[in-house]
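Here is how the chains run, residue by residue.
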Amino acid sequence: MLRITVCVSGGGTNLQAIIDRIQDGTLRDVEIAEVISNNRGVRALDRAAAASVPGVCVSPSDYPDREAFNDALLAELQRSGCDLVVLAGFLVAIPPQVVRAFPGRIINIHPALIPSFCGKGYYGLKVHERALERGVKITGATVHFVDEDLDSGPILLQKAVAIRDDDTPEILQRRVMEEAEWELLPAAIGLIAQGRVRIEGRRTRILPA
Ligand code: GRF
């Protein structure tokens with residue numbers, strides 16, 4: 001059984017995709033140990049409660065400084081007893097001590113085809129605004145392992161989504177979620193649960209079933 005702790009900040013639609021795949025039996029041998037949010041009162045925590053998954057808030061505003069928050073986040077992740085940390089719309093820079101404590105055991109969903117439209121300042125709707133400004137014809141989503149830099153760890157899964165002439169950032173964000181994110185994140189967790197993922201330097205290899 002792969003125990004995962006899912007880190008969220010807001011809507012929790014990626015968390016919901018994981019919950020739904022576990023409940024419909026697509027995602028087997030995976031258990032959500034806990035949901036951690038850096039924001040209080042967000043929809044993602046309601047989604048956890050509705051699925052009888054423990055949810056906690058570890059908020060920077062509860063700590064005197066960033067270092068104290070980072071230590072508290074690490075302590076909560078370790079207390080949850082998870083094998084894998086899943087960042088699902090988590091808008092917090094993962095501190096180095098967390099990356100070091102979970103080497104090769106933190107994944108993130110990014111709403112673009114890394115290395116495009118990623119790094120500092122590229123999150124949420126901003127990613128889609130930049131993609132539309134640049135006039136790219138395809139975008140998509142990426143699941144990658146988290147290292148000490150931003151959006152730079154080994155890529156595990158990617159899926160392309162076509163951009164349409166009449167797309168707004170909001171319409172594009174929704175289509176990337178529906179057609180890519182909500183499929184890729186559960187699939188990535190499933191591959192890891194099946195022991196089919198090898199990290200080889202900056203690359204990953206998926207072993208046959
Ligand atoms: C989405 O833009 C997603 O691409 C990114 O975080 C945002 C919110 O996701 N990872 P969610 O609805 O909270 O899962």
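Since the model is a prediction, treat every value here as computed from it, not as a measurement. Within each chain, residue numbers correspond to sequence positions counted from 1 in written order. Per-residue local features of the predicted model are confined to residues with pLDDT of at least 70, and side-chain atom pairs are confined, for both listing and counting, to 80 or more; whole-chain, interface and lining totals are unaffected and use all residues. As a convention, hydrogens and water are excluded, and side-chain values are obtained from all of the structure's heavy atoms.

Moving on, we come to the site of the ligand. For each residue, the test is whether any non-hydrogen atom lies within 4 Å of the molecule or strand; if one does, the residue is near. Inspection of the region around the ligand gives Gly11, Gly12, Thr13, Asn14, Ala88, Gly89, Ile109, Pro111, Gly124, Gln173, Met177 and Glu181 as its neighbouring residues. Think of a polar contact as two N or O atoms within 3.5 Å of one another; within protein, one of them needs to be a possible hydrogen donor and the other a possible acceptor, and neighboring residues in sequence only count if both atoms come from side chains. Within the side chain of Thr13, a nitrogen or oxygen atom sits 2.6 Å from an oxygen atom of the ligand. Contact between the ligand and Glu181: an oxygen atom at 2.7 Å from a side-chain N or O atom of the residue. When isolated, the ligand has an accessible area of 370 Å², and the protein chains bury 90% of it. Spatially, the ligand is embedded in the largest pocket. Note on areas: Shrake-Rupley, 1.4 Å probe, and residue coverage restricted to the protein chains presented here. A 1.4 Å probe that fits but cannot get out identifies a cavity on a 1 Å grid over protein atoms alone, an open set with protein on both sides within 12 Å along at least five of seven lines counts as a pocket, and a residue lines either if it has an atom within 4 Å of a point. Each molecule is checked against the cavity or pocket grid, and it sits inside if more than half of its atoms lie within 2 Å of the grid points.

Here the residue pair Ile114 and Pro115 is connected by a cis peptide bond, since its omega of 15° sits within 30 degrees of zero. The secondary structure listing takes helices from DSSP runs of H or I that are at least 4 residues long and strands from runs of E that are at least 2 residues long, numbered from the N terminus. Along the chain, Pro115 turns up in the loop between strand S5 (106–110) and helix H5 (125–134). You will see that Ser52, though not glycine, has its phi angle at about 55°, which is positive. Whether a residue is buried, partly exposed or exposed follows from its accessible area with a 1.4 Å probe, protein chains only, as a fraction of its type maximum: under 20%, in between, or over 50%, in that order. Since its relative accessible area comes to 68%, Ser52 is described here as exposed. You will see that Phe117, though not glycine, has its phi angle at about 50°, which is positive. Tracing the chain through its elements places Phe117 in the loop between S5 and H5. The class of Phe117 is buried, set by a relative accessible area of 15%.

The subject of this paragraph is the sheet that holds strand S7 (residues 155–162). Reading across from one edge, S3-S2-S1-S4-S5-S6-S7 is the order of the seven strands in this open sheet, with mixed pairing throughout. Every interior strand has two partners, whereas the edge strands, strand S3 (55–57) and S7, have only one. On average, each strand axis in the sheet is inclined to that of its neighbour by 20°, with strand direction left out of account. When DSSP finds two or more bridges between a pair of strands, those strands are recorded as paired. The pairing of S5 with strand S6 (residues 138–145) spans four bridges and is classified as antiparallel. Pairing of Ile107 across the sheet is with Phe145, part of S6. We call two residues contacting when some pair of their heavy atoms lies within 4.5 Å. The angle between two axes is taken between their N-to-C directions and runs from 0 to 180 degrees, where each axis is a line fitted to C-alpha atoms and a helix contributes only its stretch in contact. Packing of helix H2 (residues 43–50) onto the sheet brings it into contact with strand S1 (2–8), strand S2 (30–37) and S3, and relative to S2 it is tilted by some 145°.

Quick look at helix H3 (residues 66–80) now. Helices are assigned an expected span. That span is 1.5 Å times one less than the residue count. An ideal rise of 1.5 Å per residue puts 21 Å on 15 residues; H3 measures up with 21 Å between its terminal C-alpha atoms. Regarding H3, the residues found buried are Phe69, Asn70, Ala72, Leu73, Leu74, Glu76, Leu77 and Ser80. The inward-facing, buried residues of H3 abut S1, S2, S3, strand S4 (84–87) and helix H4 (96–101). The positive-phi residue at the C-terminal boundary of H3 is Gly81, with phi of around 70°.

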